[in-house]
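Coordinates in review
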Amino acid sequence: MSTKSKLSIDQIGTSSPKMFSRVRTTIETAFYRNNVIEVTSLEQAYELAKKAPGTIVTDLLVEQPEKLGLPKGAKVLLFNDGLITGRQAKLRQLVNDENRSRFGDLLRETVFASRKKVMYHATAYVGLDKDFMVKAHLLVPEGYENNLYSWLLNFQIVNDEYTKMYNESVEIPEGDIYIYCDPDYYPTDYPKGLAVFDADYNCAAVLGMRYFGELKKGTLTLAWTIAERNGFTACHGGQKRFNLPDGKKAVIGVFGLSGSGKSTITLSDHGGKFETTVLHDDAFIISNHDASSVSLEQSYFDKTQDYPLTNPQSKYFLTVQNAGATIDENGRLVPVTGDIRNGNGRTVKSKLATPNREYKFDTPVNSIFWIMKDASLPPVIKVNSPSLASAMGATLATKRTTAEYVPGEDPDKLVIVPYANPFRLYPLVKDYNKFKSLFADMNVDCYIINTGFFLDKKVTPQVTLGIIEDIVTEKAQFEPFGSFADLEYLPIEGYHPDFNDPEYVKQVKDRMKDRLSYVEDLDEFNRLPEEALAAIKKLTV
């Protein structure tokens, strides 16, 4: 699916209402000013980022740069922000019919204020198969070339190979994505910054925010919105395929916030016991027509804390954000990958990091795993009701990480983030219905895996990976989860729930009541249907 651009003159204006609005036209127009320089290659973007003030050119060489479109001898670039090193979801505003004129006014003033700045325009494809490809445009001011370079590395820069694929994809009645970014501009009414999204018109403005993750997730947010409107389920998670010895294939989707174990599960080779193929560890979509899947990104955006320089994966670093630097024993300038300078040090890691990679899975997804750090739950629960399965995804409970900047919040607080996706721009019921359809109509199995503690005992990665292995090989034998309807659990040595202990049963019910209270208190935009409430309520009595 390709988005529309370069319309015939008879289609320009109000005759194409899906393509033109006050906010979108204000944002798109900014891209064509004479203070804007177009960036058309990764080599050009690399040279701009390398020379940008504040860039640290490390002595780490990019692995196989020619395969990525980079010059031979390209080095890993490090760039640091200031106080804030995570996403700021609370600064997001959604355009609607009531505020469209107000945000249009604000953005006209914003664009005017940048007329004397040199700005850079880059274009990329989001979605890496002709079943789903949209074109995205990013505009950043001089001084933020590193963010533009990382953005092009993260997605897919326009080139001959992908343009051919894009031109062969089915056109959809949607305009390209446009994102205007000015990290140094703080609107008067938004002194801490603003990310304003017009979901109906595929555009956004990110103001007063430097963190690269705002641009990455902002782009994905708009792409997911387009996908949802066109027959796909938006997935902030990881997906991989097990290629089993008997010729069978099993595709699993894993959903959890940063730090939950999502990437560990997705990228694990299971000690060489299985041949696996990775779709992506963060962003993909599932077709509600045939349960096939498409990756939205080619690279990986990982925590540097997970990759000390002794880790072989560190050789796939392309850019690093918000990390220290030092000189090693050989006189090389290298990143300090532990979160010492600040939390949430990050790297854009090359697609070459996983040789077992595909961008489209024709094999339908078999299982979806919700990752929850909930001490009342054993390491794995199977959910047998489509309504409850989707409702549990809508009440996914976990602990927040440094990827989200929430000043003053208790880091140990259990938070609920529907479908582990805090970036949604449309009513929550749409995700509920899309996931329910996968469970009900596509025969997708649903599991909850607890990667935190079960009561006071840690659930180790080895236990979690072993569970998944037993499920995909059909060795797992589930038993009823006490008297809780539609739930089963897998007995695992050392993690047995005691249903004869009234305190334990009460703890499970209390956590389900927390989910019920959350759903009951949702506002109109996030309201779930009564069937979702009823499915959870059955677990509280």
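See above for the structure.
First, a word on what this report is: a plain description of the structure on this page. (Residues numbered from 1 in each chain as written. Predicted model: local features only at pLDDT ≥ 70, side-chain atom pairs only at ≥ 80, totals over all residues. Heavy atoms only, no water.)

1. A short note on empty space enclosed by the protein
Taken as a whole and judged by the stated rule, the model has two cavities of 30 Å³ or more. The volume enclosed by the largest cavity comes to roughly 160 Å³. What lines the largest cavity is a set of 14 residues, and nearest its centre among them are Ala89, Arg92, Phe197, Glu214 and Phe423. Where the lining of the largest cavity is concerned, the elements lending two or more residues are β11 (194–198) and α6 (212–229). Top contributing element to the lining of the largest cavity by residue count: α6, with four residues. Its residues assigned to classes, the lining of the largest cavity shows seven nonpolar, three polar and four charged. (1 Å grid on protein atoms, 1.4 Å probe; cavity = no way out; pocket = protein on both sides within 12 Å on 5 of 7 lines; lining within 4 Å. Points joined across faces, edges and corners; volume = space filled by probe spheres on them. Helix = DSSP H or I, 4+ residues; strand = E, 2+ residues; numbered from the N terminus. Nonpolar A, V, L, I, M, F, W, Y, C, P; charged D, E, K, R; others polar.)

2. Overview of the nonpolar core
One finds Trp370, Phe435 and Leu487 to be the most contacted residues of the largest nonpolar core, which totals 77 residues. Beyond its immediate sequence surroundings of up to four residues, phenylalanine 435 is in contact with Thr233, Ala234, Cys235, Phe255, Ile368, Trp370, Ser390 and Tyr419. (Core = buried A, V, L, I, M, F, W, Y, C linked by side-chain atoms within 4.5 Å. Buried < 20%, exposed > 50% of the residue type's maximum accessible area, 1.4 Å probe, protein only. Contact = heavy atoms within 4.5 Å.)

3. Observations regarding the layout of surface pockets
Considering only enclosed or pocket space, the largest pocket measures out at about 900 Å³ in volume. Taken together, 41 residues make up the lining of the largest pocket; nearest its centre are Gly259, Ser260, Gly261, Lys262 and Thr264. Going through the elements one at a time, α6, α7 (262–267), β19 (300–303) and α10 (461–472) are the ones with two or more residues in the lining of the largest pocket. With five residues, the top contributor of residues to the lining of the largest pocket is α7. Partitioned by chemical class, the residues of the lining of the largest pocket number 11 nonpolar, 15 polar and 15 charged.

4. Side note on the pattern of salt bridges
Within this structure, the stated rule accounts for 25 salt bridges. For aspartate 182, the salt bridge identified is with lysine 117, shortest N-O distance 2.7 Å. Of this pair, aspartate 182 sits in strand β10 (residues 177–182) while lysine 117 sits in the loop between α3 (100–113) and β6 (119–129), placing them 65 residues apart in sequence. Between lysine 216 and aspartate 282 there is a salt bridge, and its shortest N-O distance comes to 3.2 Å. (Salt bridge = Lys/Arg side-chain N within 4 Å of Asp/Glu carboxyl O.)

5. Notes on the packing of helix α2 (residues 42–51) against helix α4 (residues 145–154)
Running from N to C, α2 and α4 cross one another at 150°; their axes reach a closest spacing of 8 Å. Taken together, the axes of α2 and α4 lie roughly antiparallel to each other. Where α2 crosses over α4, the handedness of that crossing is left-handed. Residues Leu42, Ala45, Tyr46, Leu48 and Ala49 of α2 pack against Glu145, Asn146, Leu148, Tyr149, Leu152 and Leu153 of α4. (Axes fitted to C-alpha atoms, helices over the stretch in contact; angles between N-to-C directions. Parallel < 35°, antiparallel > 145°, perpendicular 65-115°, else oblique. Left-handed = near helix turned anticlockwise from the far one by under 90°.)

6. Examining the environment of tyrosine 432
Mapped onto the fold, tyrosine 432 is located in helix α9 (residues 428–441). For the pair formed by tyrosine 432 and proline 418, sequence separation is 14 residues and the distance between their alpha carbons is 9.2 Å. Setting aside residues no more than four positions away along its own chain, tyrosine 432 makes contact with Ser387, Ser390, Ala391, Tyr419, Leu528, Pro529, Glu531 and Ala532.

7. A closer look at the sheet that holds strand β17 (residues 284–287)
The four strands lie next to each other as β13-β17-β18-β24, forming an open sheet whose pairing is antiparallel. The open sheet terminates on both sides in strands that have one partner only, identified here as β13 (232–235) and β24 (360–361). Two strands pair when backbone bridges link them, and strand β18 (residues 293–295) and β24 are joined in this way by two bridges, in the antiparallel orientation. If you follow valine 294 over to β24, its bridge partner there is lysine 360. Of the strands in this sheet, β13 and β17 touch α6, which is tilted by about 155° from β13. Running over the sheet, α9 touches β13 and β17 and is turned about 110° from β13. (Pairing = 2+ DSSP bridges.)

8. Remarks on the pairing of strand β22 (residues 333–336)
With four bridges joining them, strand β21 (residues 324–327) and β22 adopt antiparallel strand pairing. Across the sheet, residue isoleucine 327 finds its bridge partner in β22, namely leucine 333. Linkage of β21 to β22, two consecutive antiparallel strands, is achieved through a turn of five residues, within which glycine 331 is found at a positive phi near 80°.

9. Comments concerning unusual backbone geometry
Despite not being glycine, asparagine 322 shows a phi value in the positive range, around 55°. With respect to the helices, strands and loops of the structure, asparagine 322 is situated in the loop between β20 (317–321) and β21. Here the phi dihedral of asparagine 443 falls at roughly 55°; this positive angle occurs in a residue that is not glycine. Structurally, asparagine 443 can be placed in the loop between α9 and β29 (445–449).

10. Considerations on the sheet that holds strand β4 (residues 75–79)
Strand order in the open sheet formed by five strands is β3-β4-β20-β23-β19, with mixed pairing between adjacent strands. A single partner strand is all that each edge strand has here, and the edge strands are β3 (56–61) and β19. Taking the axes of each pair of neighbouring strands and ignoring which way they run, one obtains an average angle of 25° across the sheet. Judged from the three bridges that link them, β3 and β4 form a sheet pairing that is antiparallel. Bridging across to β4, valine 57 finds its partner in leucine 77.

11. Observations regarding the packing of aromatic side chains
The description of an aromatic ring pair uses the distance of the two centres, along with the angle that the planes make with each other. As enumerated under the stated definition, the model contains 26 aromatic pairs in all. Each ring, one from tyrosine 211 and one from phenylalanine 301, has its centre 6.4 Å from the other, and the planes form 45°; the classification is tilted. Of the two residues, tyrosine 211 is situated in the loop between β12 (203–207) and α6 and phenylalanine 301 in strand β19; the sequence distance between them amounts to 90 residues. Take tyrosine 211 and phenylalanine 301: they sit in the same class, and that class is buried. Taken together, the aromatic side chains of Phe255, Phe284, Trp370, Tyr419, Phe435 and Phe439 make up a single cluster linked through ring pairs. Above the plane of the ring of phenylalanine 103 lies arginine 102, whose end atom (NZ or CZ) is 4.6 Å from the centre. Taking the ring centre of tyrosine 495 as reference, the NZ or CZ of lysine 457 above it sits at 4.8 Å. (Phe/Tyr/Trp six-rings, centres within 6.5 Å; stacked < 30°, edge-to-face > 60°. Lys NZ or Arg CZ within 6 Å of the ring centre and 35° of its normal.)

12. Here's the deal with α9
Spanning 14 residues, α9 covers 20 Å between terminal C-alpha atoms, matching the ideal 20 Å at 1.5 Å per step. Among the residues of α9, Leu428, Asp431, Tyr432, Lys434, Phe435, Ser437, Leu438 and Phe439 are the ones counted as buried. The first or second residue beyond α9 is asparagine 443, which carries a positive phi of 55°. (Expected span 1.5 Å × (residues − 1).)

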